[in-house]
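This is what each chain is made of:
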Amino acid sequence: MKIDLASYEHGKPRGALVKQLEKLFHPKKWRGETDGPVLMNADSLLELSDSERSALRTVLKEGHAILVTGVTEDLLVRLHAINGSVPAITLTNPAELYVLAAPQGRLRMLAIRSIPNFEPSPDADVRKEAYAEMVLDWFRRQVRGTFESGIASMASAPRASGPRAIVAAEAPGYNTLGSEPEQFPWSHTDVFSMEAFYSDHCGSKQKCTDTFAVTTYSWAVHSPISVVDQPGDYLLTRISAAVNTGGCKLSIGKNNRFAGYWLRQANVGASVPDATLKTGVKVLAGYTAPQAQMPNVQYSTGVTWNFGASGTIGSSAGFSGGKPSAEVSRSLGFSAGVSYSNTKTYQADAITILPQISADPTDPSKVRWTYDSWNHVKQNIDPGNHACGGPGLLVTAGLPGVIYGSSFEPSQEWVWALLPEVRSALPVNRDGVPVLSVQVDLSMLLGWSYFWDITQCNYSGSLGTFWVGDKSIDVVGDVANNPSNGLMFDSGCGTAMHFGTIPLGNPRKEPRASNDNGTNVGTPYPFTFSLSLPLAPDPRLMQLTSIEPNHGPRGTRVTLRGTSLHTAHSVDFGGQLPSSMSMEWPEGTDPATGKRYEPYITVTAPNPATPDYVGTTAAISVVNAVGISGGTAEFNFTYE
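S.K.: An account of the packing of aromatic side chains is requested, with residue identities and associated values reported.
M.R.: One pass over the full model with this rule turns up 29 aromatic pairs. Centre to centre, the rings of Phe-184 and Tyr-217 are 5.2 Å apart; their planes meet at 50 degrees, and the pair counts as tilted. Taken together, the residues span a long stretch of sequence, with Phe-184 in the loop between β7 (175–177) and β8 (186–200) and Tyr-217 in strand β9 (residues 205–222) at a distance of 33 residues. Here Phe-184 and Tyr-217 have matching classes, each one buried. Taking 5.3 Å as the distance between ring centres and 70 degrees as the angle between the ring planes, the aromatic pair formed by Tyr-371 and Phe-408 counts as edge-to-face. Taken together, the residues span a long stretch of sequence, with Tyr-371 in strand β20 (residues 367–372) and Phe-408 in strand β21 (residues 407–408) at a distance of 37 residues. No difference in accessibility class separates Tyr-371 from Phe-408, as the two residues are buried. Three or more aromatic residues link up through ring pairs in this structure, and these residues are Tyr-198, Phe-258, Tyr-261, Trp-448, Tyr-450 and Phe-489.

S.K.: I'd love a proper account of the layout of surface pockets, names of residues and values included.
M.R.: In this structure, the second largest pocket encloses a volume near 1200 Å³. Lining the second largest pocket are 47 residues; nearest its centre among them are Asp-137, Arg-141, Ala-242, Ser-407 and Glu-409. For the lining of the second largest pocket, the element with the most residues is helix α4 (residues 124–156), which contributes twelve residues. Looking at the lining of the second largest pocket residue by residue, the classes come out as 19 nonpolar, 16 polar and twelve charged.

S.K.: Help me get a handle on the side chain of Thr-211, residues and values and all.
M.R.: Along the polypeptide, Thr-211 turns up in strand β9. When neighbours within four sequence positions are excluded, Thr-211 is seen to be in contact with Tyr-131, Met-134, Phe-192, Ser-193, Ala-242, Val-243 and Asn-244.

S.K.: Account for the sheet that holds strand β17 (residues 338–341), naming residues and giving values.
M.R.: With respect to topology, three strands assemble into an open sheet ordered β7-β17-β14, the strand pairing being mixed. Looking at the sheet topology across the chains shown, the edges are occupied by β7 and β14 (304–307). Pairwise comparison of adjacent strand axes, ignoring direction, gives a mean angle of 20 degrees for this sheet. When β7 meets β17, the two strands line up parallel, connected through three bridges. When the bridges of β17 are listed, Thr-176 appears paired with Ser-339.

S.K.: Provide a residue-level description of unusual backbone geometry, including the pertinent values.
M.R.: In this chain, Gly-260 is followed by Tyr-261 through a cis amide linkage whose omega measures -15 degrees. Ala-289 connects to Pro-290 through a cis peptide bond whose omega is 5 degrees. For Pro-290, the location among the structural elements is in the loop between β12 (281–289) and β13 (299–300). At Ser-564, a residue that is not glycine, the phi angle is positive and equals roughly 55 degrees. The residue Ser-564 is located in the loop between β31 (557–563) and β32 (570–573) in this model.

So, how was this worked out
- Residues numbered from 1 in each chain as written.
- Predicted model: local features only at pLDDT ≥ 70, side-chain atom pairs only at ≥ 80, totals over all residues.
- Heavy atoms only, no water.
- Phe/Tyr/Trp six-rings, centres within 6.5 Å; stacked < 30°, edge-to-face > 60°.
- Helix = DSSP H or I, 4+ residues; strand = E, 2+ residues; numbered from the N terminus.
- Buried < 20%, exposed > 50% of the residue type's maximum accessible area, 1.4 Å probe, protein only.
- 1 Å grid on protein atoms, 1.4 Å probe; cavity = no way out; pocket = protein on both sides within 12 Å on 5 of 7 lines; lining within 4 Å.
- Points joined across faces, edges and corners; volume = space filled by probe spheres on them.
- Nonpolar A, V, L, I, M, F, W, Y, C, P; charged D, E, K, R; others polar.
- Contact = heavy atoms within 4.5 Å.
- Pairing = 2+ DSSP bridges.
- Axes fitted to C-alpha atoms, helices over the stretch in contact; angles between N-to-C directions.

Structure below.
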């Protein structure tokens, strides 16, 4: 699998994945080209010239990406400053790889904070290639797929109609928030790994690695009309995970006397960790998915949600089919409402779904889904004949690919509703937009099942013992009490069926026979990280400060400048809609303020309502959810 685009390398990237990334991206030396992704080491960000920064800004605009190895917190901020964006994470340690992209104005981020030390394993390069291939797949789907989808969407979007009077009865329809992954304006992907040790039939210690990638998507909606005890902000949130157990599908034992490691349980959840804020952030009842579900049944992974008022959203990118013609295209303001609908379904063999929504009375912000395969495995893997020469474990029936050797991809959606006091208490990013810190909690249990050998081997490097049935089995790993530790699985002709998990359960669970029924379960292996989710901007800050030119014939292109004009939903041009209205988003960051350049609006002067219009004036004003700015003499346009 290789990239089918030109790609480039700047300086000398360093890190554990560089060799594999170069193999897949086959980059050439970068000399300022903008037609492909650019791989570099984080130190190179300190030495970029103005022309190189401008070229990298175009790389992002053209739907490519910047891949940076060894990025630290300060250099992460410097990377995002190239296009004026804001990172969603903080780094306490350098990340192995960080990727930034902005296809069609939609922010896409990928972080691989670290990877296991695969050396001196003979397949170390193969394992690293799996990470590099994950990056390439992410680039193709999240970056190039989003860019190409955006082009197709713009081509099919309805264009603004001719000038019409602004009449309340002609309120435009709802804006549709896109539900496809490439339509979300904001996403962040984190990649984690879970190691697990084992030993096979008196052999040496071995280690396998599974990967767990999680992508968080968000749509932000803000209503500026404050009502007591009513939400002012909404975050429609999706977490999509990809749990790949292919790395730990072990080929040990004989005649299906061992099966491991399969996915016993995956947990996906999120909450607001700040105790002073969490009571003001609630999960909207009736807007969560999936619901509780038994295995082998199709279920809905998305929600349908409508918000019927005026306000702002976090990004104009991702509207399905464009905005209504009476609204400023590419603006963040809307005048009637927004709607969202995700009707996708999914079927996961062997998986039982157990949602826990706002189950903690002290934390109404908390959501959690448990995906558990135990009931299916127990009922389907146990053969009727346990003796050697029999069928062995019924692997095909008990362990479908989704939990054994392939990928399980659960997707969760919900709507967080924030009371107005939460917004006022939040810190703001450098663009002045409040950000809500959320904690994403993931965890995973691997499962194993086997018939032991009648004469059990001992492991010379044992880190202790673990009781399985009435036998004491040696623990295998690097250090004691490591959640990745496994056992010396000496499978053979014993006829007692044994089950367990990684991480291991209680090493001396009593009665020991209970280990055979799968109840001795370890604490799931945790993956926890924080994200800063940006809210939608405040329309109260909008102010029109200039129009240019202020005279000309009909059809003249007029530029409107000011502050927070991106919250406007319409423009009044002497009582008419302009012939066209579009928000323009300058690229980069203002060196004087450190903030992104202010967006501005371009409009086309409409045909005046009266035939004798030369010398007449039209007052220009911008309108958003809280009011009007402009409309006075200094914003008059004179027709010529």
